[in-house]
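Coordinate inspection notes
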Amino acid sequence: MSTILFELGCEELPPKSLKPLRDALQASVTEQLTAADITFDSIKAFAAPRRLAIQIQGISDKQPDRTEQKRGPAIKAAFDAEGNPTRAAMGFAKGLGIEASELTTIKTDKGDYVGFEQTIRGQATTELLPAIFQTALDNLPIAKRMRSGASRNEFVRPVQWAVLMQDDTVIDATIQGHQTGTQTRGHRFHSPDYHSIAHANDYEELLSGLKVVADFDKRQMLIKNQVKALADEVNSDAIVPQDLLDEVTALVDFPIALRASFEARFLQVPQEALISTMQADQKYFCLTDKTGKLQPYFIFITNIESKDPNQIIEGNEKVVRPRLADAEFFFLQDQKQPLFALTESLKNRVFQDKLGTIWEKSERIAKLAAFIATLMQQQGHDINVDETVRAGILSKADLASSLVSEYPELQGIAGTYYARLNDEPEAVAASLEEQYLPKFSGDVLPQTPIGICLALADRLDTLVGIFAIDQAPTGSKDPFSLRRSAIGILRILIEKQLPINLVALVEQAIKGYSDAEGSKIAKMGDTFTQVMAFLNSRYRAMYTEQGVSVDTIQAVQAINPHMPLDFDQRIRAVQAFSELSQASMLADSNKRVANILVKSEGDVADTVDEALLSESAEQNLYANVKQAQTRVQPLLEQADYTQVLQTLASLDEPLTQFFDQVMVNSEDAALKKNRLALLKQVRALFLTVADISELQL
């Protein structure tokens, strides 16, 4: 057992790709070693700005020997009547490099054959490793490879050196066009020369002395700890997004965190703009107080251990000041006119060629939001319809602002700031930011009633319009993010407990495209059908992400509820039903009932003639059905679907006895029709909640 060290030294690797490259390299090497039957105790990948490395400890020196059985022709074809080997047997033996006399007999179910067992000697690990590492490098997820100079070797960045060692010995190989050796480099500035690695086990410790923390995770933890310590000194919390942390970790070999400051006057600017520019442009970690309010500090990570850190701090403060000043300028420039005035320029900005301007979209949002607000009012929600209309008209105004033009991610956020500065009602102002929620899977939902109305109206308007012009999502293409929008609509209606019918919403959204000159939607019926089908199809994506089984979703979709909140209540009821001991039998019985009814000829009656119930089992089932109908009716009015299915579970035994003792397809036509009518009532009872015949229990 020994230790293997592989290192590829490069020019600075792309910071956003460093961690994925490290993980992919380790995964590929591990997979290849396993496939080659080479055992090892542990494998660790390293990644720093100028290197990717793998250290494998306790690796076996060679592959194990293995025995292979070669099977030749059948015994009858291998030997003649006198027992001498035929040309077939001799040819087989020659191909294996042995004499025909060394052949053995292999017995199988299909007869006896000649054969031979040979031992395949395992290759030395050192012979296999160069190809394993080169293959791993070739398979790395690199979007665009490059060549360096006259070399034909391609990689994400020019390669400078390659190390491949077994303990203290070089494994001679050429990888990425470079001869392997023991020479590595330290920190570009603190230790730029080549240094020899005495032993593969010394790698991490040697680089540490050369001002390189090679372990990506260890380097990241150092950054997190330093950032927290500096934030604590000013009683603040650091904003540390994982993506930014990964990128900063990939930019430095030897992280040193420093805290700088900026003028407090910049805090009048929306903090989202300041945070955006400091994170995206400068890779800084911003600080907030315990309430989330931005503080006039930021923390940055330097790659140099300076004798005079103040110079570095002052340099970063000098660099960030103009960027913050730009944000301040845009913010102040926008305030020279009220937010509503910005809507004028929206009349010349196209939302979509066939669907009109952004101003027209704002008008449609206002009307649709008012319709939703009215529904919410009727359901007891405290919401002002006039303020909802005002919010709809202002909903896209900030798209014409200088701040959003410079920082597109601030759409909605900027509108909220400007609305408050213009003394718009707080309900209106807050809704302008909330209209874009949820922005991604699992994101928070709008909290205010008007924000809910805008969020629904905006998504429904886009959904209807894009389907109307035949640009529905296809395959992986979804340029208008309609799939995400659809799930956003369903989540809002479900999680905000809004009993609103999708049919009413989609119909109203379609009407919004009509004016005195006609409608922008040519085929309103087709658009309605397609949008409803699309929305219904998103239930599966949404619920499977929550861990709900596909058959549960299909059981509810089979009855096609049009109210998302109602759909969700049925899903929860079916989930609870699936846990019952009677569930499997009832699901099977429902399948049987459904099949019988489908195959029946003619219409099945809705009512049962009690006088024709001749068998005790069918009489018992009918009595239980009547009792269940009485018990579930008030439960259905309360939408207590869980209790409905709990109640119907009592039909398990009567149904089982019915199928065991009663012939449905009786030769007596009257009896047959009556029994079909009874089964129809059973089927109808379960379909009040879901089609449980879809369940695979």
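Here's a quick rundown of the structure. Just so it is clear, the structure is predicted and the values come from calculations on it, not from any experiment.

Turning our eyes to something else, we now look at the nonpolar core. Across soluble globular proteins, nonpolar side chains have a tendency to be buried as a group. Grouped together as the largest cluster of nonpolar side chains are 138 residues, with contacts concentrated most on Met-278, Ile-372, Leu-403, Leu-502, Tyr-543 and Leu-648. At 12 residues, the largest contribution of residues to this core is made by helix α16 (residues 449–468). If sequence neighbours within four positions are ignored, Leu-502 has contacts with Ile-489, Leu-490, Leu-493, Met-532, Leu-535, Tyr-539, His-562 and Pro-564. By size, the runner-up hydrophobic cluster in this structure holds 37 residues, among which are Ala-45, Ile-54, Leu-140 and Ala-173.

This paragraph deals with the layout of surface pockets. Each pocket or cavity is described by its volume, and for the largest pocket that value is around 620 Å³. Elements with a contribution of two residues or more to the lining of the largest pocket: α11 (358–378), α16 and α17 (482–495). With 3 residues, the single largest contributor to the lining of the largest pocket is α16. Considered class by class, the residues forming the lining of the largest pocket number 8 nonpolar, 5 polar and 7 charged.

It is possible for side chains bearing opposite charge to pair when their charged atoms get close. Under the counting rule described, the total for this entry stands at 36 salt bridges. Here Asp-588 ties to Lys-591 by a salt bridge, and the two come within 4.0 Å at their closest N and O atoms. Of this pair, Asp-588 and Lys-591 both sit in helix α22 (residues 583–599), 3 residues apart, which is roughly one turn of the helix. Look at Asp-588 and you get partly exposed, because its relative accessible area is 42%. In this structure Lys-591 comes out as partly exposed when scored by relative accessible area, which is 24%.

Next up on the list: the sheet that holds strand β6 (residues 111–120). Across the sheet, 3 strands lie side by side as β4-β6-β5; this open sheet has antiparallel pairing. Strand pairing shows two members of the sheet lacking a second neighbour, β4 (66–74) and β5 (104–108), which therefore form its edges. Within the sheet, the average angular offset between the axes of one strand and its neighbour, ignoring direction, is 45°. As defined by bridge partners, β4 adjoins β6 across 7 bridges and the pair is classed as antiparallel. Residue pairing for β6: Arg-71 is matched across the bridge by Gly-115.

Remark: the centre distance and the inter-plane angle together describe each pair of aromatic rings, the angle taken between the planes. In this structure the tally under the stated criterion is 13 aromatic pairs. Ring centres of Phe-46 and Tyr-203 lie 5.3 Å apart, and the angle between their planes is 70°; on these two criteria the pair is classed as edge-to-face. Here the residue Phe-46 occupies a position in strand β2 (residues 42–48), and Tyr-203 occupies one in helix α5 (residues 203–209), the gap between them amounting to 157 residues. Note on Phe-46: relative accessible area 0%, which makes it buried. A relative accessible area of 0% places Tyr-203 in the buried class. Taking 3.6 Å as the distance between ring centres and 0° as the angle between the ring planes, the aromatic pair formed by Tyr-539 and Phe-567 counts as stacked. A residue pair is termed long-range when its members are at least 10 positions apart, and Tyr-539 in helix α19 (residues 524–545) and Phe-567 in helix α21 (residues 564–578) qualify at 28 residues. Pair check on accessibility: Tyr-539 and Phe-567 agree, each one buried. One aromatic cluster is present, built from ring pairs that chain together Tyr-284, Phe-298 and Phe-300. If you follow Lys-361 out to its NZ or CZ, it ends over the ring of Phe-351, 4.6 Å from the centre. The ring centre of Tyr-641 lies 4.2 Å from the NZ or CZ of Arg-570, which sits over that ring.

Attention now goes to the sheet that holds strand β17 (residues 285–288). Taken together, 4 strands build an open sheet; the order of strands is β15-β17-β18-β16 and the sheet is antiparallel. Unpaired on one side and paired on the other, β15 (237–238) and β16 (256–261) mark the two borders of the sheet. Pairing analysis gives 2 bridges linking β15 to β17, with the strands arranged antiparallel. What sits directly across from Asp-237, in β17, is Thr-288.

Our next topic: the pairing of β17. Burial of the side chains of β17 extends over both faces: Phe-285 and Leu-287 are buried on one face and Cys-286 and Thr-288 on the other. Alignment of β17 against strand β18 (residues 294–302), held across 3 bridges, turns out to be antiparallel. Across the sheet, Thr-288 pairs through a bridge with Leu-294, a residue of β18. In this structure, the hairpin formed by β17 and β18 is closed by a connection of 5 residues, where Gly-292 is found at a positive phi of approximately 95°.

Reading the values: the criteria
Residues numbered from 1 in each chain as written. Predicted model: local features only at pLDDT ≥ 70, side-chain atom pairs only at ≥ 80, totals over all residues. Heavy atoms only, no water. Core = buried A, V, L, I, M, F, W, Y, C linked by side-chain atoms within 4.5 Å. Buried < 20%, exposed > 50% of the residue type's maximum accessible area, 1.4 Å probe, protein only. Helix = DSSP H or I, 4+ residues; strand = E, 2+ residues; numbered from the N terminus. Contact = heavy atoms within 4.5 Å. 1 Å grid on protein atoms, 1.4 Å probe; cavity = no way out; pocket = protein on both sides within 12 Å on 5 of 7 lines; lining within 4 Å. Points joined across faces, edges and corners; volume = space filled by probe spheres on them. Nonpolar A, V, L, I, M, F, W, Y, C, P; charged D, E, K, R; others polar. Salt bridge = Lys/Arg side-chain N within 4 Å of Asp/Glu carboxyl O. Pairing = 2+ DSSP bridges. Axes fitted to C-alpha atoms, helices over the stretch in contact; angles between N-to-C directions. Phe/Tyr/Trp six-rings, centres within 6.5 Å; stacked < 30°, edge-to-face > 60°. Lys NZ or Arg CZ within 6 Å of the ring centre and 35° of its normal.

So yeah, pure geometry; function would need other evidence.
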